[in-house]
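Fold and geometry: a report
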Amino acid sequence: MQSPLSIVMYHYVRDLEHSRYPGIKGLPLDLFVEQLDYIQRHYVVTRPEDVIAAAKSNGESLPRNAIVLTFDDGYRDHYDNVFPVLFERGLSAMFFPPVKVVANHQLLDVNKIHFILASVEDPARLLPDLFETLDEHRAQYGLESNEAYYQRLGVANRFDPREVIFIKRLLQHELPERPRDAITQHLFEKFVGVAEATLAQELYVSEEQLKVMIGCGMYVGSHGADHLWLDKVDPEQQARDVDDSLAFLARLGAPVDDWVMCYPYGVYDDTLLDILRARKCAMGLTTEVAIADLGTHDPLLLPRLDTNDLPKSRTAEPNEWFQKVAS
Ligand SMILES: [Zn+2]
């Protein structure tokens, strides 16, 4: 590797045990702090503006063992828990809130699904309601049988049992948009039972909080406006979504020249990349799991590591990802 840069991705970071939904899959705050100790022992936490400058110059000026931390989806966790810890250590990081969660107080579908799953002891309890709402939408949208979906999508992996994988896949991308929204909304109202705007106010940062973070040296970039699967919409909608997110960044006082795009769900296509280039985007972050190499990778297609790829103990020995970056 010529200019390795480890880009680490985080989502929820909270004191899970004492939170309203302890079943949410997130990084406990104490482990984040431990991981930060590990990171500071073995890497150089590089400032966002220095990372962006390096991305524009094929990695020149990047320190050895460079790392940058990125936080997706605009969770209040990032303001309440992450920002104070970083600030106290004189560190800065990149944050990517979609416009709709901050400006419109709407929940992301992925978050609705997390809270539906966290609201029941046994995910199988969700299936009768889910199948019933599928039945209601079957004729209109030409849906497959309940059994066919379950057989095809319900495959356990190392993180989740069969029912959970089935529900996530079905509601995240398998179904057409309309029935997907209707079913998610039904399950959310029945099992979570909290008004969407109320939960959104608790879950996400506000514009004022983002302005404070920017004032204290944090970087805020684009995660789109509506958190769409941007590879599945036409170029007009791609451009509108990107432009809405840039208008939002401008309103916050965040840079809109040499800015960073963090692709929702990690997806993109050629027309989206053209739209980003035309708008002076300097870096694009995917969810491909690898160490980025600014010397060889397209700066709009940089891979990231997940927090789960790094040790969560301050005393841990350097792991395989660090060996790769240091060699
Ligand atoms: Zn996201």
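Residues numbered from 1 in each chain as written. Predicted model: local features only at pLDDT ≥ 70, side-chain atom pairs only at ≥ 80, totals over all residues. Heavy atoms only, no water.

1. Notes on the packing of helix 1 (residues 29-42) against helix 3 (residues 76-88)
Each pair of packed helices can be summarised by the angle the axes make with each other and by the distance between the axes. Heads up, the condition is: Lines fitted to C-alpha atoms define the axes here, with helix axes fitted over just the stretch in contact, and angles between the N-to-C directions of these axes take values from 0 to 180 degrees. Here a helix means four or more residues in a row that DSSP labels H or I, a strand means two or more in a row labelled E, and each is numbered from the N terminus. Every angle not falling under 35 degrees, over 145, or within 65 to 115 is termed oblique; those three ranges are roughly parallel, roughly antiparallel and roughly perpendicular. The sense of a crossing depends on the near helix, which, turned anticlockwise from the far helix by less than a right angle, makes the crossing left-handed and, turned clockwise, makes it right-handed. In this description, contact between two residues means that some pair of their heavy atoms is separated by no more than 4.5 Å.
Look at helix 1 against helix 3: their axes get within 11 Å of each other, and the N-to-C directions meet at 30°. Between helix 1 and helix 3, the crossing angle belongs to the class labelled roughly parallel. Once helix 1 is placed against helix 3, the crossing between them reads as right-handed. For the pair helix 1 and helix 3, the contacting residues are Leu29, Phe32, Val33 and Leu36 in the first and Asn81, Val82, Val85 and Leu86 in the second.

2. Digging into the coordination of the zinc ion
Which entries qualify depends on this criterion: Note that water is not among the atoms considered, so a metal site may appear incomplete; the donors listed are N, O and S atoms within 2.8 Å of the metal, with 3.2 Å applied to Na, K and Ca. Categorising residues by exposure relies on relative accessible area from a 1.4 Å probe, with only protein chains included: less than 20% of the type maximum marks a residue as buried, more than 50% marks it as exposed, and the intermediate range marks it as partly exposed.
Within the first shell, the zinc ion binds the protein through Asp73 (OD), His223 (NE2) and His227 (NE2), at distances of 2.1 to 2.2 Å. When the donors of the zinc ion are listed by position in the chain, the intervening gaps give D-x149-H-x3-H. When sorted by exposure, histidine 223 lands in the same class as histidine 227, which is buried.

3. Some words on the environment of glycine 224
The topology assignment puts glycine 224 in the loop between strand 7 (219-220) and helix 12 (235-252). Between the C-alpha atom of glycine 224 and that of glycine 253, which follows or precedes it by 29 residues, the distance is 17 Å. In contact with glycine 224, not counting residues within four places along its chain, are Pro97, Pro98, Val99, Asp241, Ser245 and Met261.

4. Quick look at the layout of surface pockets
Heads up, the condition is: A 1.4 Å probe that fits into a set of points on a 1 Å grid over the protein atoms alone but cannot get out defines a cavity; an open set with protein on both sides within 12 Å along at least five of seven lines defines a pocket, and lining residues are those with an atom within 4 Å of a point. Grid points are joined across faces, edges and corners, and a volume is the space filled by probe spheres set on the points. Classification used: nonpolar for Ala, Val, Leu, Ile, Met, Phe, Trp, Tyr, Cys and Pro, charged for Asp, Glu, Lys and Arg, polar for all others including Gly.
If you add up the space inside the largest pocket, you get close to 1,700 Å³. His11, His114, Asp160, Lys168 and Asp306 are the residues nearest the centre of the largest pocket, which is lined by 45 residues in total. If you list the elements that add at least two residues to the lining of the largest pocket, you get strand 1 (4-10), helix 5 (109-118), helix 8 (162-174), strand 9 (281-289) and strand 11 (302-306). Considered class by class, the residues forming the lining of the largest pocket number 20 nonpolar, 13 polar and 12 charged. Of the voids in this model, the second largest pocket is the one considered here, and its volume is about 460 Å³. Broken down by secondary-structure element, the contributors of at least two residues to the lining of the second largest pocket are helix 5, helix 8 and helix 9 (177-192).

5. Points about the environment of alanine 54
Position of alanine 54 relative to the elements: it lies in helix 2 (residues 48-56). Each C-alpha atom of the pair alanine 54 and leucine 294 lies 7.4 Å from the other, and the pair is 240 residues apart in sequence.

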